[in-house]
Amino acid sequence: MKDDGQVPAPQPAINRLAGTTVVADTQPLFAEGVRAMIDGADDFAVVSCVSTIADLHESVERAKPAFAVLDMKLEGGSSFEQLSRIRSASPQTKIILLAAELDAAAAIDAVRHDVHGLLLKTMPTDLLIACLRKVAAGGRWVEMRSLGSAIERMLATDQAQQSAKALLSDRELEMVRFVCRGLRNKEIATRAHVSEGTVKTHLHNIYQKVGVSSRLALMRVAQERGWVAEHAD
């Protein structure tokens, strides 16, 4: 090979710092297997591999990792109990849970606790790296696809109800539901056991809070925000 005197340009270093990861599992052998799997990817690096809750929190506080890959059950308890402390110590850490088994309630709990990823330990190993990459890109990964849409609908409903309850009283929400059923003031008064004047006062207050001026506009807002069931009785 001819030596032209030129020095080869240095290759860009792989940025593994952005993918720093803490692994925690009650079974050390499994934890080491997860470590090897993650370290085998160019874009991630395990900075700590632990098997106790105390070591988990020490590692998170020290390393401030990009990811924490946790066994769903730590020391006989639930990893959900550790999430607030992890987030307090390292707000940027994204949490991925590994579960030996998973049912609807556990999946719903994971989504409610704002977990970024949820994987069954019985899934193909390459899915863990796929999960990490999706989460790193700003997405979420929740296994059990059959539950996915149901969970999303449930959370949307919960968020809508919380939004409504923050804005309207229980009595006002009841009035909104009556309006969305197409009931007039007199019918609402009968069902709610109040006077028509009281119904008018409630509706006036609701219009002001929601920022509308008619029943039709109120119905539209209620439907858009999910404050009432699509097919109310």
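Residues numbered from 1 in each chain as written. Predicted model: local features only at pLDDT ≥ 70, side-chain atom pairs only at ≥ 80, totals over all residues. Heavy atoms only, no water.

Attention now goes to the pattern of salt bridges. Counting across every chain of the model gives eight salt bridges. With its nearest N and O atoms 3.9 Å apart, the salt bridge here joins glutamate 61 to arginine 85. One end of the pair, glutamate 61, is in helix H2 (residues 53-63); the other, arginine 85, is in helix H3 (residues 83-89), with 24 residues separating them in the sequence. Given the relative accessible area of 47%, arginine 85 is considered partly exposed. A salt bridge links glutamate 172 to lysine 209; the nearest nitrogen and oxygen atoms lie 2.8 Å apart. Placement of the pair is glutamate 172 in helix H7 (residues 170-180) and lysine 209 in helix H9 (residues 196-210), with a sequence separation of 37 residues. Assessed through its relative accessible area of 5%, glutamate 172 is described here as buried. Put simply, Asp25, Asp71 and Lys121 are held in one network by salt bridges that share partners. (Salt bridge = Lys/Arg side-chain N within 4 Å of Asp/Glu carboxyl O. Helix = DSSP H or I, 4+ residues; strand = E, 2+ residues; numbered from the N terminus. Buried < 20%, exposed > 50% of the residue type's maximum accessible area, 1.4 Å probe, protein only.)

All told, the structure shown has one aromatic pair when counted by the stated rule. The residue whose ring lies beneath lysine 121 is phenylalanine 30, and the NZ or CZ to ring-centre distance is 4.4 Å. (Phe/Tyr/Trp six-rings, centres within 6.5 Å; stacked < 30°, edge-to-face > 60°. Lys NZ or Arg CZ within 6 Å of the ring centre and 35° of its normal.)

Here six strands make up an open sheet; going across it, the order is S2-S1-S3-S6-S7-S8 and the pairing parallel. This sheet does not close on itself; its edge strands, each paired only once, are strand S2 (45-50) and strand S8 (141-142). Relative to S8, strand S7 (residues 117-120) is paired through two bridges, and the arrangement is parallel. Among the inter-strand pairings, leucine 118 is bridged to a residue of S8, identified as valine 142. Packed onto the sheet, helix H1 (residues 28-39) meets strand S1 (20-24), S2, strand S3 (67-71) and strand S6 (94-99) and runs at close to 175° relative to S2. In the packing of H2 onto the sheet, the strands contacted are S1, S2 and S3, and the crossing angle to S2 comes to about 150°. (Pairing = 2+ DSSP bridges. Contact = heavy atoms within 4.5 Å. Axes fitted to C-alpha atoms, helices over the stretch in contact; angles between N-to-C directions.)

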